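Survey of secondary and tertiary structure
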Protein chains: 2
Amino acid sequence: MIEVELETTEQRILDAAEELFYGQGIQLVGMDAIRTASGVPLKRLYQIFPSKNSLVEAYLKRRDARWLHDLAQYVDSYDSPTQRMLAVFDWLFLWFSEPDYRGCGFINSFGELGATSQAVADIAKAHKDAFRRYLADLVAAADAPTWLTDQVVLLAEGAMTTAAISGSPEPARHAKDAARILLRTAHAGVVTAV
Amino acid sequence: MIEVELETTEQRILDAAEELFYGQGIQLVGMDAIRTASGVPLKRLYQIFPSKNSLVEAYLKRRDARWLHDLAQYVDSYDSPTQRMLAVFDWLFLWFSEPDYRGCGFINSFGELGATSQAVADIAKAHKDAFRRYLADLVAAADAPTWLTDQVVLLAEGAMTTAAISGSPEPARHAKDAARILLRTAHAGVVTAV
DNA sequence: ACCGTAAGAGAACGTTCGTTTTCGAGAATA
DNA sequence: TATTCTCGAAAACGAACGTTCTCTTACGGT
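These notes cover the structure that comes with them. The structure displayed is predicted, hence computed values, not measured ones. (Residues numbered from 1 in each chain as written. Chains lettered and ligands numbered in written order. Predicted model: local features only at pLDDT ≥ 70, side-chain atom pairs only at ≥ 80, totals over all residues. Heavy atoms only, no water.)

A word on the overall build of chain A. Along chain A, the regular secondary structure elements total nine helices and zero strands. The helix and strand sequence of chain A, counted from the amino end, reads α-α-α-α-α-α-α-α-α. Projected onto its principal axes, the C-alpha coordinates of chain A cover approximately 65 × 35 × 30 Å. Residues counted as buried form 52% of the 194 residues belonging to chain A. Of the accessible surface of chain A, which amounts to about 8800 Å², a share of 54% is contributed by carbon and sulfur atoms. (Helix = DSSP H or I, 4+ residues; strand = E, 2+ residues; numbered from the N terminus. Buried < 20%, exposed > 50% of the residue type's maximum accessible area, 1.4 Å probe, protein only. Areas by Shrake-Rupley, 256 points an atom, 1.4 Å probe, with all protein chains shown as cover.)

See below:
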C-alpha cells in the first residue's frame, strides 16, 4: 500500500512538474508552484525528489519515454512501410495542433540549461538520438537508403521549432511534403550532381 | 563626443550581453555579470538600458540584424541563383563549426522566455519571418516554386537545433543534400502522388 | 488511555537577483 | 578657493527561490 501510494504521489508530482516545466520553462517554475499544483507538501516532495535538479531530470526522462511511445503507437496504426514513415509527420501535426503546444521540451530545456547542466544536455542528446534511431528503422523498413534518415530528422526537428514559433501546425504538412519527395527520389535511386 | 562615447558604451554592454546571454542562457546571466564583463558600472548600465528586459530585447534585435546581414553577405559571394540558395547551408556549416556554437539564439530565447514574455516571442517570430522572406527571395531567384521555401526553412531550422544538440556541424551538409534534391525535383516539375 | 511517530502546513533561512541608493573622489564653474 | 555637479564603486533593498526546520495534529501499537 505504502509503495502504491508513493507511486501515485510521484506521478502526481511529475504530472504537475511536466505541465509547469513544459508550459512555462523550467527556471520560471519554483518548487512552491509544483507543491501547489500537485498538492504534495514540500517535505514529501523533497523525500521523493531530493532536489529540483533531480525532479527536472525525472521530468525529462519520463517525457522522453512517453513521447517516443506515443509516436510509435500512432505509427503502428499504419501497415505500409512508406505510410509508416510519413505517418510521423501526421502525428507531429496532431501534436502541433494541441492548444498548449510550445515546441519540443528537449530543445527548450537544452536551450535553457544545456550550457550549464551536463545532465540536461545529455538527456536532450539521448532523446534526439533515440528519435533518430526510430526514424532510421522506419527508413530502412521503407527500403530507403540510410542517408534519408538524416534528412527526415532535419525536417521533423525544423517543423517542431517552426510550428512553435509561428504558432501554426502547418510546418508538419510542409515537412511531410518534403519527406515524400525525398523518399520518392531515394527510391528512384537518382544520383546526379548540381 | 558624449554621444560617441555613449554609443561605444552601449556597444560594449551589448557585446558583453550577447556573449553571456547566448553562451549561458538569458536567465542564468545576472546584471552583475554583464557589469563585470563590460566594465560599465551598474548606474550607467541602467541609464542606457532601464531594465534587464530592455537589454534582452536590444540584444535580440541587434543579433537579428547582424545574423541576417552576415548570411546575406556570404550568399552574395555567389552568382548562380541555384548556388546562392545552397550557399545558405554552407554558411550554416561555418556557423555550426564555431567552437561556442550553441544553437539559434532566437529558438533558445523563445524556449526560455517565449511563454512569459510576449516581447521575446514577437522578436523570435519576426526573426524567423525575416529569415523565411530572405529564403523566399533566393528560391524565387532560382526559379523554383514558392512551396520550396517552406521546405528549405524546415531543413535550415532542423539543422540548427540538431547541430546544437549533437555538437556536430554535419547537419548542415545533410540539409544541403536534401535541399539540392528538393530543388532539382522542383525544377523538374514533378507532380505525382504517393 | 498513553506514548511515540509520522505527516502536513507553512514559517524560516540563506542565497541570488534586479534595481536603487549611498558615498566619496574628481572635474567644472563662479 | 569654494561649490556644485558628475560619475564610478559598491553597499543596500526587496523580492523570489531552493531547501530546511518547526509546530501542530492525528494515528498506531500496547
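Now for the interface of chain B and chain A. At the interface, 46 residues of chain B touch 46 residues of chain A. Around 3800 Å² of area is buried between chain B and chain A when both sides are counted, 69% of it from carbon and sulfur atoms. Seen at the junction of chain B and chain A, the total is zero salt bridges. Here chain B and chain A share two residue pairs in polar contact (both at pLDDT 80 or more) between them. Elements with a contribution of two residues or more to the side of chain B that touches chain A: helix 1 (2-24), helix 6 (105-113), helix 7 (118-141), helix 8 (147-166) and helix 9 (170-188) of chain B. Ranked by residue count, the leading element in the side of chain B that touches chain A is helix 8 of chain B, at 14 residues. Per-class residue counts for the side of chain B that touches chain A are 21 nonpolar, 16 polar and nine charged. (Contact = heavy atoms within 4.5 Å. Buried area = accessible area lost by both parts, 1.4 Å probe. Salt bridge = Lys/Arg side-chain N within 4 Å of Asp/Glu carboxyl O. Polar contact = N/O pair within 3.5 Å; in protein donor to acceptor, adjacent residues only side chain to side chain. Nonpolar A, V, L, I, M, F, W, Y, C, P; charged D, E, K, R; others polar.)

With that out of the way, let us pick up the protein's contact with DNA strand D. In the vicinity of DNA strand D, the contacting residues are V29, G30, M31, L42, K43, Y46, S51 and K52 of chain A together with R35, P41, K43 and R44 of chain B. Expressed as a percentage, the sugar and phosphate content of the atoms of DNA strand D within 4 Å of the protein is 54%. Broken down by secondary-structure element, the contributors of at least two residues to the surface near DNA strand D are helix 3 (42-48) of chain A together with helix 3 (42-48) of chain B. Ranked by residues supplied to the surface near DNA strand D, first place goes to helix 3 of chain A with three residues. The residue inventory of the surface near DNA strand D, partitioned by class, reads five nonpolar, two polar and five charged. (Near = heavy atom within 4 Å.)

With that out of the way, let us pick up the protein's contact with DNA strand C. Every residue lining DNA strand C is accounted for by R35, P41, K43 and R44 of chain A together with V29, G30, M31, L42, K43, Y46, S51 and K52 of chain B. Separating a phosphate oxygen of DNA strand C from a backbone N or O atom of M31 of chain B is a distance of 2.8 Å. Take K52 of chain B: an N or O atom from its side chain is 2.4 Å from a phosphate oxygen of DNA strand C. For the surface near DNA strand C, the elements supplying multiple residues, two or more each, are helix 3 of chain A together with helix 3 of chain B. The biggest single contributor to the surface near DNA strand C is helix 3 of chain B, with three residues. In the surface near DNA strand C, the residues fall into five nonpolar, two polar and five charged.

All right, on to the packing of helix 5 (residues 81-97) of chain A against helix 7 (residues 118-141) of chain A then. All names here are of chain A. Between helix 5 and helix 7, the least distance of the axes is 8 Å, while the angle of their chain directions is 150 degrees. Judged by the inter-axis angle, helix 5 sits roughly antiparallel to helix 7. In terms of crossing hand, the pair formed by helix 5 and helix 7 is left-handed. Residue-level inspection shows P81, R84, M85 and V88 of helix 5 in contact with helix 7, the latter providing L135, L138, V139 and A141. When the residues that make up the contact of helix 5 with helix 7 are grouped by side-chain class, the tally is seven nonpolar, no polar and one charged. (Axes fitted to C-alpha atoms, helices over the stretch in contact; angles between N-to-C directions. Parallel < 35°, antiparallel > 145°, perpendicular 65-115°, else oblique. Left-handed = near helix turned anticlockwise from the far one by under 90°.)

Take the relation of the copies chain B and chain A next. Screw-axis analysis of chain B against chain A gives a translation of 0.0 Å along the axis, an RMSD of 0.0 Å, and a rotation angle of 180 degrees. Read as a symmetry element, the transformation amounts to a two-fold axis. No C-alpha of chain B approaches the rotation axis more nearly than that of G158 of chain B, which lies at 1.8 Å. (Least-squares fit on C-alpha atoms with pLDDT ≥ 70 in both.)

In this section: unusual backbone geometry. Phi is positive for D143 of chain A, which is not a glycine, with a value near 60 degrees. The class for D143 of chain A is exposed, based on a relative accessible area of 67%.

We now examine the side chain of E157 of chain A. Topologically, E157 of chain A is positioned in helix 8 (residues 147-166). For E157 of chain A, a relative accessible area of 2% puts it in the buried group. Apart from residues lying up to four places away in sequence, E157 of chain A is in contact with I107, K128 and F131 of chain A together with G158, T161 and T162 of chain B.

Here the focus is empty space enclosed by the protein. Left-over empty space is what a probe sized like a water molecule reveals as it rolls over the atoms. Inspection of every chain in the model, using the stated rule, returns four cavities of 30 Å³ or more. Within this model, the largest cavity holds a volume of roughly 70 Å³. Lining the largest cavity are R102, G103, C104, I107, N108, M160, T161, A164 and I165 of chain A together with I107, F110 and G111 of chain B. Those elements that provide at least two residues to the lining of the largest cavity are helix 6 (105-113) and helix 8 of chain A together with helix 6 of chain B. The class makeup of the residues in the lining of the largest cavity is seven nonpolar, four polar and one charged. In this structure, the second largest cavity spans a volume of roughly 50 Å³. As for the second largest cavity, its lining consists of G111 of chain A together with F21, Y22, G25, I26, Y59, R102, G105, N108, S109 and E112 of chain B. When contributions to the lining of the second largest cavity are tallied by element, the ones reaching two or more residues are helix 1 and helix 6 of chain B. No other element matches helix 6 of chain B, which puts four residues into the lining of the second largest cavity. Within the lining of the second largest cavity, the residues separate by chemical class into four nonpolar, five polar and two charged. (1 Å grid on protein atoms, 1.4 Å probe; cavity = no way out; pocket = protein on both sides within 12 Å on 5 of 7 lines; lining within 4 Å. Points joined across faces, edges and corners; volume = space filled by probe spheres on them.)

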